[in-house]
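# Breakdown of the fold
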Amino acid sequence: MIRVLFVCLGNICRSPMAEAVFRHEVERQGLADKIEVDSAGTGDWHIGNAPHEGTRNLLDEKKISYDGMKARQVIGEDLSEFDYIIAMDADNLGNLRRMAGYEKTGSIGRLLDFVPDSKVADVPDPYFTGNFDEVYDMVQVGCKNLLDTIIKEKLT
Ligand code: 4NP
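What this report covers is the structure whose coordinates are included nearby. These figures come from a predicted structure and were not determined experimentally.

For the pair helix H2 (residues 53-61) and helix H6 (residues 132-154), interaxial distance at closest approach is 10 Å and the crossing angle is 60°. Considering the angle they form, H2 stands oblique to H6. You can see that H2 and H6 cross each other, and the crossing is right-handed. On H6, the residues that touch Gly54, Thr55 and Leu58 of H2 are Phe132, Asp133 and Tyr136.

Written as structure tokens, this is what we have:
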């Protein structure tokens, strides 16, 4: 099983959106028995909460399921148990790298690393900007390219 973890700050806006969008695409491509998806936050404020209303509205609109998803915090074991640990922004990435130290981990990167022509490196935080649509567009292309990369690296 290939395991993919999306990470943001609160685990209620960006990373749950990425988890839902990525899982939807994995299922669409018939890869659900090969790729497992999860998300987590570096912060602990929203542990146990469902995704933010803005993320839920957007996923409802796109008919993408977020059934049963609840926020959790990243733990040290995640870094060795997941093959791809995908941060939404530079802060999340720095926190993950600090947590990892010199331990052997899965591949740690940023979602927009997978979008070579992206004008920005970080997915903006809609908790503060209120703009969930721009996040969806970035998440959608990032997830698509990430899945293509995983298929190339692990499944072909
Ligand atoms: P997220 O957004 O990292 O995309 O889930 C945030 C959600 C909550 C907070 C910050 C960012 N907060 O400070 O509570």
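The structure having been displayed, the exposition proceeds.
Attention now goes to the packing of helix H1 (residues 14-28) against H6. If you want to describe how two helices pack, look at the angle between their axes and the distance between the axes. Running from N to C, H1 and H6 point in directions that differ by 45°, and their axes come no closer than 9 Å. As summarised for this structure, H1 and H6 are arranged oblique, according to the angle between their axes. Taken as a pair, H1 and H6 cross one another with a handedness that is right-handed. Every residue of H6 that contacts H1 at Arg14, Met17, Ala18, Val21, Phe22, Glu25 and Val26 is listed here: Phe132, Val135, Tyr136, Val139, Gln140, Cys143, Lys144, Leu146, Leu147 and Ile150. A class-by-class count of the residues in the contact of H1 with H6 yields 13 nonpolar, 1 polar and 3 charged.

Attention now goes to the site of the ligand. The full set of residues close to the ligand is Cys8, Leu9, Gly10, Asn11, Ile12, Cys13, Arg14, Trp45, His46, Asp125, Tyr127 and Phe128. Taking asparagine 11, its main chain carries an N or O atom lying 3.2 Å from an oxygen atom of the ligand. At 2.7 Å from an oxygen atom of the ligand is found a side-chain nitrogen or oxygen belonging to histidine 46. Contact with the protein chains hides 92% of the accessible area of the ligand, taken as 360 Å² for the molecule alone. Looking at the shell around the ligand residue by residue, the classes come out as 7 nonpolar, 3 polar and 2 charged.

Definitions and limits used
Residues numbered from 1 in each chain as written. Predicted model: local features only at pLDDT ≥ 70, side-chain atom pairs only at ≥ 80, totals over all residues. Heavy atoms only, no water. Axes fitted to C-alpha atoms, helices over the stretch in contact; angles between N-to-C directions. Helix = DSSP H or I, 4+ residues; strand = E, 2+ residues; numbered from the N terminus. Parallel < 35°, antiparallel > 145°, perpendicular 65-115°, else oblique. Left-handed = near helix turned anticlockwise from the far one by under 90°. Contact = heavy atoms within 4.5 Å. Nonpolar A, V, L, I, M, F, W, Y, C, P; charged D, E, K, R; others polar. Near = heavy atom within 4 Å. Polar contact = N/O pair within 3.5 Å; in protein donor to acceptor, adjacent residues only side chain to side chain. Areas by Shrake-Rupley, 256 points an atom, 1.4 Å probe, with all protein chains shown as cover.

In short, geometric facts, not functional conclusions.
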